[in-house]
Amino acid sequence: MNALNLIRTRRSIRGYADQPVLPDLIDQLLEAATWAPSSHNRQPWRFAVITTQDAKDQLADRMGERLWSDRARDGDPAEAIERDVNRSRERIISAPVIIVACLSPIDLDHYPDERRNSLERTMAVQSVGASIQNLLLAAHELGLGACWMCAPLFCPDVVRQVLHLPDDWEAQALITLGYPANVGKSRSRVDFREITVWR
Ligand SMILES: Cc1cc2nc3c(=O)[nH]c(=O)nc-3n(C[C@H](O)[C@H](O)[C@H](O)COP(=O)(O)O)c2cc1C
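Residues numbered from 1 in each chain as written. Predicted model: local features only at pLDDT ≥ 70, side-chain atom pairs only at ≥ 80, totals over all residues.

**Digging into the environment of valine 49**
For the record, the criterion: Strands are runs of DSSP state E lasting at least two residues, helices are runs of H or I lasting at least four, and both sets are numbered from the N terminus onward. Exposed residues have 12 or fewer other C-beta atoms within 10 Å of their own C-beta, buried residues have 20 or more, and partly exposed residues fall in between, where C-beta atoms are placed from the backbone. Here, residue contact means that the backbone-derived C-beta atoms of the two residues sit within 7 Å.
Tracing the sequence through the fold places valine 49 in strand E1 (residues 45–50). Accessibility expressed as a C-beta count within 10 Å gives 17 for valine 49, which makes it partly exposed. Residues valine 49 and alanine 101, spaced 52 residues apart in sequence, show a C-alpha to C-alpha distance of 8.9 Å. Once you skip the residues sitting within four places of it in the chain, valine 49 turns out to touch Ile26, Val97 and Ile99.

**Quick look at the nonpolar core**
This is how the line gets drawn: As used throughout, a nonpolar core is a set of buried Ala, Val, Leu, Ile, Met, Phe, Trp, Tyr and Cys residues joined through C-beta atoms within 7 Å of each other.
Ranked by size, the top nonpolar core spans 41 residues in total, and within it Val100, Ala101 and Ile175 carry the most contacts. Breaking this core down by element, the ones donating at least two residues are helix H2 (23–34), E1, helix H3 (53–74), strand E2 (97–103), helix H5 (114–141), strand E3 (145–149), helix H6 (156–163) and strand E4 (170–178). Excluding residues within four positions of it along the chain, valine 100 makes contact with Phe47, Ala48, Pro152, Val159, Leu163, Ala171 and Leu174.

**Some words on the packing of H3 against H6**
Short version of the rule: Every axis corresponds to a line fitted to the C-alpha atoms, with the helix fit spanning only the stretch in contact, and the corresponding angles, defined between N-to-C directions, vary from 0 to 180 degrees. An angle counts as roughly parallel when it lies under 35 degrees, as roughly antiparallel when it exceeds 145, as roughly perpendicular when it falls between 65 and 115, and as oblique in every other case. Each helix crossing is assigned a hand: it is left-handed if the near helix lies turned anticlockwise from the far helix by less than a right angle, otherwise right-handed if that turn is clockwise. Nonpolar residues are Ala, Val, Leu, Ile, Met, Phe, Trp, Tyr, Cys and Pro. Charged residues are Asp, Glu, Lys and Arg, and all others, Gly as well, are polar.
At a minimum axis distance of 10 Å, the contact between H3 and H6 shows a crossing angle of 155°. Overall, the two elements H3 and H6 adopt an arrangement that is roughly antiparallel. Here H3 and H6 pass one another in a crossing that is right-handed. Here Gln58, Leu59, Arg62, Met63 and Arg66 of H3 lie close against H6, whose contacting residues are Val158, Val159, Val162 and Leu163. In terms of residue class, the contact of H3 with H6 is built from six nonpolar, one polar and two charged.

**As for the site of the ligand**
Put simply, the rule is: Nearness rests on one distance test: the residue's C-beta atom, set from the backbone, must lie within 6 Å of the molecule or strand.
Around the ligand, the neighbouring residues are Arg11, Ser12, Arg14, Cys147, Trp148, Met149, Cys150, Ala151, Gly184 and Arg187. Per-class residue counts for the shell around the ligand are five nonpolar, two polar and three charged.

**Digging into H3**
Worth spelling out the cut-off: One fewer than the residue count of a helix, multiplied by 1.5 Å, yields its expected span. Throughout, the arc means the angular range of directions from the helix axis out to the C-beta atoms.
With 22 residues, H3 ought to run about 32 Å at 1.5 Å a step, and its terminal C-alpha atoms sit 31 Å apart, in line with that. Considered for burial, the residues of H3 that qualify are Lys56, Leu59, Ala60, Met63 and Gly64. Seen from one end, H3 has its buried residues packed into an arc of 130°, which puts them on one side. Turned more than 90 degrees off the buried face of H3, the exposed positions are Asp54, Ser69, Ala72 and Arg73. Its buried side turned inward, H3 meets E1, helix H4 (78–94), E2 and H6. One or two positions beyond H3, positive phi appears at glycine 75, with a value near 90°.

**Thoughts on the sheet that holds E1**
What counts, and what does not: Here a strand pair is declared whenever DSSP counts at least two bridges between the two strands.
Across the sheet, which stays open at both edges, the four strands sit in the order E1-E2-E4-E3 with antiparallel pairing between neighbours. Every interior strand has two partners, whereas the edge strands, E1 and E3, have only one. Averaged over all neighbouring strand pairs, the angle between strand axes comes to 25°, with direction disregarded. Sitting on the sheet, H6 is in contact with E1, E2 and E4, with an inclination near 65° to E4.

Fair warning: the whole summary comes from geometry, so function is off the table for now.
Set out below in structure tokens:
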């Protein structure tokens, strides 16, 4: 598919066929992710690939526990929390492949002041986001479906512990992946003319 069509036709896919994804395809996605631009070409992205049911279950359960305690502290009704926790859990355990995208600050520049350190970190977050978008587009090109989930951002300590990740890996997002069971929700976009100024 040409790049513009690929960009336009990619949708978040949240349901997957019962068909495994070959490791070679996962490698292609990861390589595509690493061709994203990054600030100073520092490539702050890191990826954890999860394919075993046991690891998916553990990750979903432990993240679910954190979601429960956070939402309970907010004072949300138990039924609403349970519904959301179960929905999130089901999404994670039923996806053939999970990729957790992380940020490592290890190669970032350090400044004497907090303002520039914070901007440096923003650039790293932007860079990881660009790598995730590359991965989503590559998945679409290869006939796979994927969905970006923000859940790990709320519990990077839990994710690091369950997956035995290095200390400097900060989970940013979780990508569910597999062959699409549906075409995804139809989504519109605000017309770019309404959100653009030319000077
Ligand atoms: C930073 C970010 C976080 C997201 N988190 C979630 C999520 O937790 N759960 C989910 O189902 N979709 C999530 N999405 C996917 C968006 O809902 C989706 O991209 C948006 O609705 C537009 O739909 P489309 O991707 O099909 O065009 C996330 C997307 C981004 C960029």
